[in-house]
Amino acid sequence: MKNFLSIESCTKESLVSLVNSAELLKEARVCGDFSDNSLKNQCWGIIFSKASTRTRVSFEVGIRELGGSALFLSPKDLQLGRGEPIKDTARVMGRMLHGAIIRNDSQVEVESFAEFSKIPTINALTDMEHPCQIIADLLTIKEIQGTWDDKKIVFLGDVNCNVAHSWVWAAERLGFELILTGPSEICNPLEYLKKVGSTKAHYVDNPIEAVSGANVLYTDVWVSMGMEDQASERDGHFNAYQINQQLTSIADSDVMVMHCLPAYREKEISETVFEENAETIFSQAENRLHAQKAIMKSLVSTN
Ligand code: CP
Ligand code: NVA
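Residues numbered from 1 in each chain as written. Chains lettered and ligands numbered in written order. Predicted model: local features only at pLDDT ≥ 70, side-chain atom pairs only at ≥ 80, totals over all residues. Heavy atoms only, no water.

For the rest of this paragraph, the subject is helix α1 (residues 12-30). The end-to-end C-alpha distance of α1 is 27 Å, a good match for the 27 Å that 19 residues give at a rise of 1.5 Å each. Every buried residue of α1 is accounted for by S14, L15, L18, V19, S21, A22, L25 and K26. All buried residues of α1 fall inside an arc of 165° around its axis, so they share one side. Opposite its buried face, α1 presents the exposed residues E13 and L24, each directed more than 90 degrees away. Tucked into the core, α1 has its buried residues touching α5 (131-145), α6 (162-174) and α12 (278-302). A positive backbone phi angle near 75° is found at G32, which sits one or two residues after α1. (Helix = DSSP H or I, 4+ residues; strand = E, 2+ residues; numbered from the N terminus. Expected span 1.5 Å × (residues − 1). Buried < 20%, exposed > 50% of the residue type's maximum accessible area, 1.4 Å probe, protein only. Arc of directions from axis to C-beta. Contact = heavy atoms within 4.5 Å.)

Here it is, written out as structure tokens:
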């Protein structure tokens, strides 16, 4: 892999290999083994135009743990914020940095950065995908359920958001069953599923039917970053899709409840269900660190 820009661009083998590598890096860290210096003498840029807690901290820590150094660059301070084209920014950075991690609202711009910079480039969330999140989530499912192979995974809420899109591609590549359930009048995923040519992901309007017997219930915010102006229009449409005790009681008795965070209690998830599943949800957050170390390690070994 030269870049890590989407789950769409990954093969089944590369996804499995990243999860396995993340698992090994996690084991080494637990043992206090920080001997992996894959990023020794390297400086990576972290260019985020949207807020972040987990992604920023896990990348900054991960780069340091792999022997490199990280430079946080806000577009507000860069000439990018004053209109310098992304392809010029990329050509400058490509001559100085060893890798770049970008969060913004344009998948096209992240892909353009990768093309013009020629350095390993990672999508840390765009309008279209959030691929780093999915590697951490797959690791979490593997740790708790042993495998994702025969599992029924249900994504509830904004089924057209970046995280949902990445899950659709993960189902396609890895072959597990994914059900999307959310209010079709606000976020109809059928066009996206058609574009993907999805054979593994399906949309089910009724949340009760969707979660019946599910092994994993997954949710994300109902209003993603950059969509705040749609908050009032969305208000009230998602209530039936909240992960709460009524829905968890219909799922499998060993159901895992997952949330990519940040969470809004009593919106997409009830306070009770969130706290009952906090260990899983915060392992998911911790796994961002191990997953992203695996992604960077894989990029420097192939570039
Ligand atoms: N899940 C996630 O990407 O969190 P942050 O927005 O805090 O990075
Ligand atoms: N869909 C959310 C994910 C946050 C990690 C957003 O884009 O805001």
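The contact between α5 and α12 brings their axes to 7 Å, and the two run at 120°. For the element pair α5 / α12, the angle class is oblique. Pair α5 / α12 crosses with right-handed handedness. Residues C132, Q133, I135, A136, D137, L139, T140, E143 and I144 of α5 form the contact with α12, whose participating residues are T280, S283, Q284, N287, R288, H290, A291, Q292 and I295. Counted by class, the contact of α5 with α12 contains seven nonpolar, eight polar and three charged residues. (Axes fitted to C-alpha atoms, helices over the stretch in contact; angles between N-to-C directions. Parallel < 35°, antiparallel > 145°, perpendicular 65-115°, else oblique. Left-handed = near helix turned anticlockwise from the far one by under 90°. Nonpolar A, V, L, I, M, F, W, Y, C, P; charged D, E, K, R; others polar.)

Sheet strands associate in pairs through backbone hydrogen bonding, adopting either a parallel or an antiparallel arrangement. Pairing in this open sheet of five strands is parallel, and the strands run β7-β6-β5-β8-β9 from one edge to the other. The open sheet is flanked by β7 (201-203) and β9 (256-259), the only strands paired with a single partner. Averaged over all pairs of adjacent strands, the angle between their axes in this sheet comes to 20°, without regard to strand direction. As judged from the three bridges shared by strand β6 (residues 177-181) and β7, these two strands associate in the parallel manner. Looking across to β7, one finds that I179 is bridged to H202. (Pairing = 2+ DSSP bridges.)

Here the structure, examined in full by the defined rule, presents six aromatic pairs. Between the aromatic rings of W167 and F176, the centroid separation amounts to 5.9 Å while the plane-to-plane angle is 65°, which identifies the pairing as edge-to-face. Taking the relative accessible area as the measure of exposure, W167 reaches 0% and is therefore buried. F176 gets classed as buried once you look at its relative accessible area, which sits at 0%. (Phe/Tyr/Trp six-rings, centres within 6.5 Å; stacked < 30°, edge-to-face > 60°.)

Glancing now at the sheet that holds strand β2 (residues 69-73). An order of β2-β1-β3-β4 is seen for the four strands of this open sheet, with the pairing classed as parallel. The open sheet has two free edges, formed respectively by β2 and β4 (121-123), since each of these has just one partner strand. Strand-to-strand twist of the sheet, defined as the mean angle between neighbouring strand axes without regard to direction, takes the value 20°. In this structure, strand β1 (residues 43-48) lies alongside strand β3 (residues 99-103), joined through five bridges in parallel fashion. Residue pairing in the sheet places G45 in a bridge with A100 of β3.

A few words now on the site of ligand 2. Around ligand 2, the surrounding shell consists of L125, N162, D220, V221, S224, M225 and L261. Here a nitrogen atom of ligand 2 and a side-chain polar atom of S224 are 2.7 Å apart. At 2.8 Å, a backbone N or O of M225 approaches an oxygen atom of ligand 2. Protein chains shield 95% of the accessible area of ligand 2, which is 270 Å² for the free molecule. The residue inventory of the shell around ligand 2, partitioned by class, reads four nonpolar, two polar and one charged. (Near = heavy atom within 4 Å. Polar contact = N/O pair within 3.5 Å; in protein donor to acceptor, adjacent residues only side chain to side chain. Areas by Shrake-Rupley, 256 points an atom, 1.4 Å probe, with all protein chains shown as cover.)

Below, the discussion takes up the site of ligand 1. For ligand 1, the full set of nearby residues is S52, T53, R54, T55, R103, H130, Q133, C260, L261 and R288. Between T55 and ligand 1, the recorded distance is 2.6 Å, taken from a side-chain N or O atom to an oxygen atom. A distance of 3.1 Å separates an oxygen atom of ligand 1 from a polar side-chain atom of R288. Here ligand 1, which alone exposes 250 Å², has 95% of that area covered by the protein.

Turning to the environment of G213, a few remarks are in order. Relative to the elements of secondary structure, G213 occurs in the loop between α8 (207-211) and β8 (216-219). Ignoring any residue separated from it by four or fewer positions in sequence, one finds G213 in contact with K152, I250, A251 and D252.

Another aspect to go through is the confidence of the model for the chain. Put simply, the chain has an average pLDDT of 97, and 100% of its residues get 70 or more. Averaged over each element, pLDDT in the chain is lowest for helix α9 (residues 231-234) (96) and highest for α5 (99). (pLDDT = per-residue confidence, 0-100.)

Between α1 and α5, whose axes approach to 9 Å, the crossing angle comes to 70°. By the angle between their directions, the pair α1 and α5 is classed as roughly perpendicular. Contacts from L15, L18, V19, N20, A22, E23 and K26 of α1 reach α5 at I135, L138, L139, K142 and E143. Counted by class, the contact of α1 with α5 contains seven nonpolar, one polar and four charged residues.

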